[in-house]
Amino acid sequence: MTDATIATTGATPAPNSGTSQFDSDSARSQWKVVLKRFMRHRAAVAGSALFILLVLFAFFGSYVWKYSYQQLNLGRYLPPSADHPFGTGHLGEDMLSQIIRGTQFSLQIAIIVAVVATFIGVILGAVSGYRRGWVDSLINRGIDLVLVLPPFVIAAAMTRSTFLLEATKTGSQSSNWLLVAIFISLISWMSIARTVRAMVLSLREKEFVEAARALGGSTPRIVFRHILPNTIDVIIVNTTVTIAQAVLLEAALSFIGLGVQSPDTSLGLLINQNKNELTQHPWLFFIPFAFIVAISLSVNFIGDGMRDAFDPRQRRVKA
Amino acid sequence: MFRFIIRRVLISIPMLVLASFLCFALTTAMGDPLGEWKLQKPRSPGEIANAEAAAGTNKPFLERYGNWVVNFVQGDWGKQVVPGSTGLQVEPAVMQAMGTTAKLVIGAEIIALVLGMAVGVIGAVRQYSLFDYTATGLAFTMFSMPLFCVALVIKSGGIQLNDWLEKVGLGRWIITAGPPGAGFSGSLGTQIYQYTGAYVLPTICLVVIQFALYSRFQRASMLEVLNADYVRTAQAKGISQARVVFRHAFRNALIPIATVAALNFGGLVGGAVITETVFGWSGMGKLLVDAITQIEPYMVLGLMMMAAFFIVAFNLVADIVYAFLDPRIRLD
């Protein structure tokens, strides 16, 4: 993505913004090329398919499946069967409906983390790279500071906070999962901020930015229309990595009892609740485990495919 | 070099001070250490005032922070304040836990580093071979697996191994509840038997996850070096391939991995939480989880500061190692 005009119009195709016919044509083909390269990466395509299936399963599964997650006393510890494909748990709850709900919460958390962390990281990185000077030093020291605090410790201490728990209450219902999501985002934005900053630092010296400045473009316009679209590849790849990490971090937090609390749920919490069933009722443990691995693996593969598709220099060529 | 170290140490002091303030704010936000005690039964105002004075929560936030900092730098890290707790002093508790963690982590880290480097180098030299694909796939799967599940599976495997050993009449070898508190005793043979029994599972668990990281890094940096012009020159001179790989390529490929290892090790000292929780080691991670659950502000603070200190220290080590290995880097 070295050709700035192509990338800019590619990200935001605007028919009457003065771009020539030639530009918008090549703009379309730029994204087509990326898509084509992505489709050639078999693992990435498989990962995308798996991820779409997981999303459908999590968000629409409960409308299709006959048991609700609230139904209990369906028979305790029934092994997987046609009626209960994932068996039942110790209260006689249907595990499939529990898994649907757990996957939904885990995905919600991961997606919120990806959006919030990317947003914070991109804005801070762009400002610090474009403004330089004392703003840059300030933001950099801030990043250093957050990196010094051990992430797991911070998240664990924050999720205990009753004060913050009160603050995120929606009506009378506490939304603990939202709190967990926000905390994980607050400790996940640093790498993206650093990457974007480094790219902006070099892009701001390019001729096309100078041209935009000479034409009288305002700073926000230059940053958001001309510079940031050129970093979109790095941002997308980084976001996928963040999703995978968020799923794992949430699961780990819930496992030691400092993450999502019931009545909310998540895959990590399901594993925590069933950790002693490992030998006697293995399905209660291994099924949520498999779902976490599936989410994380599929997102990692998507990220890998994206990286190859955006950056043809790193293409796998037989040497 | 010396000036650089001094400067870096001086920069990290305000950083640690700021970090300590943030940590203090966090532990305050964690909740009232007396909350549980107040709920147990009705307490008279006098009782509450006394308890608050004992815990130090009756003073304003900034004053409490000031007191804590002054005591902290003098070596008094406070003690447990929740009523009914043993009133343990924080500093010796943290130091003891750190010793336990270090014993576990250092060995595991060395094994993971050596294994990861070996697999990474072979993977790079034989790129796209069956070995490379297997190692890549394995590392990818490791990255996508929640560590605690791996730990739990390993633990249950250990218990089954014990059952089997008992059946064949060898006794239960694996210990899944941490190292014996009284230390190892008996003849040398028994000591080795006990030692391996306590260490083998948590070590495997830590190695598995670190190994994936190191092997990926080593492979990437080795590939980069192998494609460099000077390696082609060396091959063109007619040096044997083994000599090219080990003398010319490998030594340069070590530079990035040394940095990663240093950074990673700094984080690991405070971060083996999961492994310690699952295998019942009373190291820093276990102490931390307990302290957070019981809302012990000073204990959490002491552990956080210790972990932050290690991260800062190993960042510095990483920079120094980098400059030492690569003479082109000028630090000051």
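Residues numbered from 1 in each chain as written. Chains lettered and ligands numbered in written order. Predicted model: local features only at pLDDT ≥ 70, side-chain atom pairs only at ≥ 80, totals over all residues. Heavy atoms only, no water.

## A closer look at the interface of chain A and chain B
Quoted interface sizes are often the accessible area lost when the parts come together. At the interface, 40 residues of chain A touch 37 residues of chain B. One can count zero salt bridges joining chain A with chain B. Across the contact surface, chain A and chain B share two residue pairs in polar contact (both at pLDDT 80 or more). Elements that contribute at least two residues to the side of chain A that touches chain B include exactly α5 (133-148), α6 (151-160), α7 (162-167), α12 (232-255) and α14 (283-310) of chain A. When the residues that make up the side of chain A that touches chain B are grouped by side-chain class, the tally is 28 nonpolar, five polar and seven charged. (Contact = heavy atoms within 4.5 Å. Salt bridge = Lys/Arg side-chain N within 4 Å of Asp/Glu carboxyl O. Polar contact = N/O pair within 3.5 Å; in protein donor to acceptor, adjacent residues only side chain to side chain. Helix = DSSP H or I, 4+ residues; strand = E, 2+ residues; numbered from the N terminus. Nonpolar A, V, L, I, M, F, W, Y, C, P; charged D, E, K, R; others polar.)

## Re the UniProt feature "transmembrane region" (unreviewed entry) in chain B
Under the feature "transmembrane region" (unreviewed entry), the UniProt entry names residues 104-125, 137-154, 192-214, 253-279 and 299-325 of chain B. Measuring from the first to the last C-alpha atom of residues 192-214 of chain B gives 29 Å, for a span that is 100% helix and 0% strand. (UniProt positions renumbered as here; feature names shortened; annotations may be inferred.)

## Observations regarding the side chain of A:Ser106
Residue and element names in this part refer to chain A. Along the chain, serine 106 turns up in helix α4 (residues 95-131). On the basis of relative accessibility, which here comes to 1%, the residue serine 106 falls in the buried class. A distance of 3.2 Å separates the side chain of serine 106 from the backbone nitrogen of leucine 267, its partner in a polar contact. For serine 106, the residues in contact, after removing those within four places along its chain, are Glu250, Ser266 and Leu267. (Buried < 20%, exposed > 50% of the residue type's maximum accessible area, 1.4 Å probe, protein only.)

## Things to note about the packing of aromatic side chains
Within the structure shown, the criterion is met by 24 aromatic pairs over all chains. When the centroid spacing of 5.9 Å and the interplanar angle of 85° are considered together, the rings of A:Phe105 and A:Trp177 count as edge-to-face. Residue A:Phe105 is located in helix α4, and its partner A:Trp177 is located in helix α8 (residues 176-186); the two are separated by 72 residues in the primary sequence. Neither residue differs from the other here; A:Phe105 and A:Trp177 are each classed as buried. Seen from their ring centres, B:Phe24 and B:Phe61 are 5.5 Å apart, and the 55° between their planes marks the pair as tilted. Taken together, the residues B:Phe24 in helix α1 (residues 2-29) and B:Phe61 in helix α4 (residues 61-73) connect sequence positions 37 residues apart. We classify B:Phe61 as partly exposed; its relative accessible area is 27%. Aromatic rings pair up to connect B:Phe21, B:Phe24, B:Phe61, B:Tyr65, B:Trp68, B:Phe72 and B:Trp77 into one cluster. Lying over the aromatic face of A:Tyr130, A:Arg204 brings its terminal NZ or CZ to 5.1 Å of the ring centre. (Phe/Tyr/Trp six-rings, centres within 6.5 Å; stacked < 30°, edge-to-face > 60°. Lys NZ or Arg CZ within 6 Å of the ring centre and 35° of its normal.)

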